[in-house]
Amino acid sequence: MSGEDKSLNRMSRTESEFALGKHRSNGLELINKVAPIEVEGDVAVCDGGGGALGHPLEYIKVGNRGGEPVSCIYCGLKYVQKGGH
């Protein structure tokens, strides 16, 4: 083991070249660019839209919100009642 290069396992504290950090995502920024999905009734059902890659069903109450969008707790998609009743 003598003569082994000890610099191979060295940690460095340099600034990340990525704006949000190496292991961070701009997912919230991207999801905020998606327009709210209009639904006809008082309840929206969200499954993430990815089939097997989606998320558990979430029933989202959109009625009586005055046209204010409501976000899915899993994926962040926003739903609003059509007509804003």
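These notes cover the structure that comes with them. Note that the structure is a prediction, hence the values are computed from the model and not measured. (Residues numbered from 1 in each chain as written. Predicted model: local features only at pLDDT ≥ 70, side-chain atom pairs only at ≥ 80, totals over all residues. Heavy atoms only, no water.)

## Considering the nonpolar core
As a rule of thumb, soluble globular proteins bury nonpolar side chains together. Ile31, Val39, Ala44, Cys46, Ile60, Val62, Val70, Cys72, Leu77 and Tyr79 form the largest nonpolar core, which has ten residues in total. Apart from the residues lying within four places of it in its own chain, the contact partners of Val62 are Val39, Gly41, Asp42, Val43, Ala44, Val70, Tyr79, Val80 and Gln81. (Core = buried A, V, L, I, M, F, W, Y, C linked by side-chain atoms within 4.5 Å. Buried < 20%, exposed > 50% of the residue type's maximum accessible area, 1.4 Å probe, protein only. Contact = heavy atoms within 4.5 Å.)

## Here's the deal with a nonpolar patch on the surface
A cluster of nonpolar side chains, namely Val43, Val45, Leu57 and Tyr59, defines an oily patch on the protein surface of about 400 Å² accessible area. Its place among the elements puts Val43 in strand β2 (residues 43–46). (Patch = residues over 30% accessible without salt bridge, like charges linked within 9 Å, V, L, I, M, F, W, Y side chains within 5 Å. Areas by Shrake-Rupley, 256 points an atom, 1.4 Å probe, with all protein chains shown as cover. Salt bridge = Lys/Arg side-chain N within 4 Å of Asp/Glu carboxyl O. Helix = DSSP H or I, 4+ residues; strand = E, 2+ residues; numbered from the N terminus.)

## Details of the sheet that holds strand β1 (residues 37–39)
On the basis of which strands lie adjacent, the open sheet formed by three strands has the order β1-β5-β4 and mixed pairing. On the outer flanks of this sheet lie β1 and β4 (70–71), each paired with one strand and no other. Examined bridge by bridge, β1 and strand β5 (residues 78–81) share three bridges and lie parallel to one another. Paired with Ile37 across the two strands is Tyr79, which belongs to β5. (Pairing = 2+ DSSP bridges.)

## A few points about the pairing of β5
With two bridges connecting them, β4 and β5 associate as antiparallel partners. Directly across from Val70, in β5, lies its bridge partner Tyr79. The antiparallel hairpin formed by β4 and β5 contains six residues in its connecting segment, where Gly76 sits at a positive phi of about 85°.

## A look at the side chain of Gln81
Inspection of the secondary structure assignment puts Gln81 in strand β5. In terms of polar contacts, Gln81 uses its side chain to reach the backbone carbonyl oxygen of Gly41, at 3.3 Å. Here Asp42 takes part through its side chain, which lies 2.8 Å from a polar atom of the side chain of Gln81. Gln81 has contacts with Val39, Glu40, Gly41, Asp42, Val62, Gly63 and Asn64, leaving out every residue within four places of it along the chain. (Polar contact = N/O pair within 3.5 Å; in protein donor to acceptor, adjacent residues only side chain to side chain.)

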